Amino acid sequence: VKLVESGGGLVQAGGSLRLSCAGSGIIFSINAMGWYRQAPGLEREVVAGISSGGNTLYVDSVKGRFTISRDNGKNTLYLQMNGLKPEDTAMYYCAPIEAVTSGRFGSWGQGTQVTVSS
């Protein structure tokens, strides 16, 4: 499994970014996929997930601001982030949710850094 995240950057509070995650060795359309983030000194947390059926789920702190989506043809996962806040600053990763939850996942990508200035 290889996951390549991109799209991060430095934005002012209130700004927007769209993250992308291209995958190989895993088919996104038949796996529940998630976006995770890790801020310095904190544990990695899941912020959004999308099931194989297209159902989505968000952590409370990003509800109404972030949107997760998937392009099955491109095997690419997206995270549209609007209304960014300084507390969204973190390294963002994508990963298959079930494998992460079961502790079986070890193929994290390099991540993409999101920095939000106040």
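All figures in this text were calculated on a predicted structure; none of them were measured in a lab.

**Quick notes on the overall build of the chain**
And then number 1: A count of helical and extended segments in the chain gives 1 helix and 10 strands.
And then number 2: For the chain, the α and β elements follow one another from N to C terminus as β-β-β-β-β-β-β-β-β-α-β.
And then number 3: Overall, the chain is about 40 × 25 × 25 Å in size when its C-alpha atoms are taken along their principal axes.
And then number 4: Within the chain, the proportion of its 118 residues that are buried is 40%.

**Looking at the side chain of arginine 70**
And then number 1: Mapped onto the secondary structure, arginine 70 falls in strand S7 (residues 66–71).
And then number 2: A distance of 2.8 Å separates the side chain of arginine 70 from the backbone oxygen of serine 51, its partner in a polar contact.
And then number 3: Separated by 3.2 Å, the side chain of arginine 70 and the backbone oxygen of serine 52 make a polar contact.
And then number 4: Beyond its immediate stretch of four places on either side in the chain, arginine 70 contacts Phe28, Ser29, Asn31, Ile50, Ser51, Ser52, Gly54, Thr76 and Leu77.

What counts and how
Residues numbered from 1 in each chain as written. Predicted model: local features only at pLDDT ≥ 70, side-chain atom pairs only at ≥ 80, totals over all residues. Heavy atoms only, no water. Helix = DSSP H or I, 4+ residues; strand = E, 2+ residues; numbered from the N terminus. Buried < 20%, exposed > 50% of the residue type's maximum accessible area, 1.4 Å probe, protein only. Polar contact = N/O pair within 3.5 Å; in protein donor to acceptor, adjacent residues only side chain to side chain. Contact = heavy atoms within 4.5 Å.

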